[in-house]
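# Remarks on the overall topology
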Amino acid sequence: MLNKQLSIIGVPMDLGQNRRGVDMGPSAIRYAGVLETLETLEYMVEDLGDIEIARPSRGQEQLQDNLRNLKQVAEGNEKLAEKVDKAVADGRFPLVLGGDHSIAIGSLAGIAKHYENLGVIWYDAHGDLNTSDTSPSGNIHGMPLAVNLGMGHERLTNILDYQPKIKPENIVIVGARSLDQGEKELIREKGIKVYSMHEVDRLGMTAVITEIIEYLKDKTDGVHLSLDLDGLDPSDAPGVGTPVIGGLSYRESHLAMEMLAETNMITSAEFVEVNPILDEKNKTATIAVGLMGSLFGEKLK
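It should be emphasised that the depicted structure is a prediction, and the values quoted were computed from it without experimental measurement. (Residues numbered from 1 in each chain as written. Predicted model: local features only at pLDDT ≥ 70, side-chain atom pairs only at ≥ 80, totals over all residues. Heavy atoms only, no water.)

In terms of nonpolar packing, the biggest core is built from 51 residues, with Leu 95, Tyr 123, Leu 225, Ile 266, Phe 271 and Phe 296 touching the most fellow members. Sort the elements by how many residues they give to this core and helix α11 (residues 283-295) lands first, with seven residues. In this structure, Leu 15, Val 88, Ile 140 and Ile 173 belong to the second largest nonpolar core, which totals 43 residues. (Core = buried A, V, L, I, M, F, W, Y, C linked by side-chain atoms within 4.5 Å. Buried < 20%, exposed > 50% of the residue type's maximum accessible area, 1.4 Å probe, protein only. Helix = DSSP H or I, 4+ residues; strand = E, 2+ residues; numbered from the N terminus.)

See the structure below:
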């Protein structure tokens, strides 16, 4: 059974990219019933509310060292790291609601200091392994995995005064189908394990998750799940900023969460990139809550 003491932290961050609306993701997820779902599963839920994110002045959004809104993104992640750090220190399971995926910089900074070998399951259409040198856009939400490996601007890599946060051999990416050239090279160079949609289709989700569990279980002392809703196909999760067709199905994703729940290996999680402005009747937030239910042990019988 997962840690029954749970802290929810909302991060209304939309500055790691350039499409507005994802800052309303935490509110949409709460509206979709995340607290009620978790309380029904007998979790003792502490909702810490939303972290305050400073916004650049109108017309002041800018690229600094090919990084969009570096100052505000760094400050927001510093606040998040401190909140997550305290939750873990207090013996609570941190559940972070996004917000764009740049918030994984702060999540992992706060979590990884409590583990010698934190594993990371990165459930995403993208690798998020860009740096300022390889990014075509300068959007920091495409960089958090690289940042946590210690690659990138020191304002981001050195949050909570240590780096790297994680080791490449402890990362597994699931659902990848849109990787930039620099990311592909980094994956090969670092030996990062990736299950692209090609592998998921060929092996099936049961085999993929079974292999991931075997890969991580003996060499990690905790596992963080970072689930980007764009990992799912846009037909199931339309309310995301960077949809990529040909993605994971809702049913496959439920199965993945159910299998992870059975292992009790997940020690922290974040669900990101829910953008209600782009959504259909809060469908994507509702799907996010359904997946959280499965991750936290909800069963049909």
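Here, the residues flagged by UniProt with the feature "binding site: Mn(2+) 2" (unreviewed entry) are Asp 124 and His 126. Lining the largest pocket, from the residues named above, are Asp 124 and His 126. By the element assignment, Asp 124 lies in the loop between β6 (118-123) and α5 (144-148). With relative accessibility at 0%, the residue Asp 124 sits in the buried group. (UniProt positions renumbered as here; feature names shortened; annotations may be inferred. 1 Å grid on protein atoms, 1.4 Å probe; cavity = no way out; pocket = protein on both sides within 12 Å on 5 of 7 lines; lining within 4 Å.)

Within a regular strand, side chains alternate between the sheet's two faces. The buried fraction of strand β5 (residues 93-98) is high, at six of six residues. In β5, alternate side chains face the same way, and those of Phe 93, Leu 95 and Leu 97 on one face and Pro 94, Val 96 and Gly 98 on the other are all buried. Strand direction decides the pairing type here: strand β1 (residues 5-11) and β5, joined by six bridges, are parallel. Within the sheet, the bridge partner assigned to Val 11 lies in β5 and is Gly 98. (Pairing = 2+ DSSP bridges.)

On to the packing of aromatic side chains. Centre distance and the angle of the planes are the two values used to describe a pair of aromatic rings. According to the stated counting rule, one finds two aromatic pairs in the structure shown. Each ring, one from Tyr 43 and one from Phe 296, has its centre 5.2 Å from the other, and the planes form 85 degrees; the classification is edge-to-face. Here Phe 296 lies in the segment after α11 and Tyr 43 lies in the loop between α2 (34-40) and β2 (44-50), a separation of 253 residues in the sequence. For the pair formed by Tyr 43 and Phe 296, the shared burial category is buried. When the centroid spacing of 5.1 Å and the interplanar angle of 70 degrees are considered together, the rings of Phe 93 and Phe 296 count as edge-to-face. Taken together, the residues Phe 93 in strand β5 and Phe 296 in the segment after α11 connect sequence positions 203 residues apart. Residue Phe 93 shares its accessibility class with Phe 296, and that shared class is buried. (Phe/Tyr/Trp six-rings, centres within 6.5 Å; stacked < 30°, edge-to-face > 60°.)

Moving on, we come to the sheet that holds strand β7 (residues 171-176). With parallel pairing, the eight strands of this open sheet are ordered in space as β2-β1-β5-β10-β9-β6-β7-β8. With partners counted over all chains shown, the strands left at the sheet margins are β2 and β8 (193-196), one partner each. On average, adjacent strands in this sheet sit at an angle of 15 degrees to one another, irrespective of strand direction. Here β5 runs beside strand β10 (residues 266-272); their pairing, made up of three bridges, is parallel. Each bridged residue has a counterpart across the sheet, and for Leu 97 the counterpart in β10 is Phe 271. Relative to β6, helix α4 (residues 104-112) is tilted by about 160 degrees, and along the sheet it contacts β5, β6, β9 (222-228) and β10. (Axes fitted to C-alpha atoms, helices over the stretch in contact; angles between N-to-C directions. Contact = heavy atoms within 4.5 Å.)

Take the pattern of salt bridges next. This model, assessed by the stated rule, comprises 11 salt bridges. The residue Arg 92 makes a salt bridge to Glu 46 at a minimum N-O spacing of 3.1 Å. With Arg 92 in the loop between α3 (70-89) and β5 and Glu 46 in strand β2, this residue pair connects regions lying 46 residues apart in the sequence. Residue class for Arg 92 comes out buried when judged on its relative accessible area of 16%. Residue Arg 251 is joined to Glu 258 by a salt bridge in which the shortest nitrogen-to-oxygen separation is 2.9 Å. Classification of Glu 258 as partly exposed rests on a relative accessible area of 24%. Salt bridges sharing partners connect three or more residues here, namely Asp 14, Arg 20 and Arg 55. (Salt bridge = Lys/Arg side-chain N within 4 Å of Asp/Glu carboxyl O.)

With that settled, consider the UniProt feature "binding site: Mn(2+) 1" (unreviewed entry) in the protein chain. The UniProt record marks His 101, Asp 128, Asp 228 and Asp 230 with the feature "binding site: Mn(2+) 1" (unreviewed entry), using the residue numbering of this structure. These annotated residues cover 130 residues of sequence, and their C-alpha atoms lie no more than 12.2 Å from one another, placing them together at a single site. Checking the named residues against the largest pocket, the ones that line it are His 101, Asp 128, Asp 228 and Asp 230. For His 101, the location among the structural elements is in the loop between β5 and α4. Apart from the residues within four sequence positions on either side, His 101 is in contact with Trp 122, Asp 124, Asp 128, His 141, Pro 144, Ser 226, Asp 228, Glu 270, Val 272 and Glu 273. Within the structure, His 101 has its side chain in polar contact with the side chain of Asp 124 (distance 3.1 Å). (Polar contact = N/O pair within 3.5 Å; in protein donor to acceptor, adjacent residues only side chain to side chain.)

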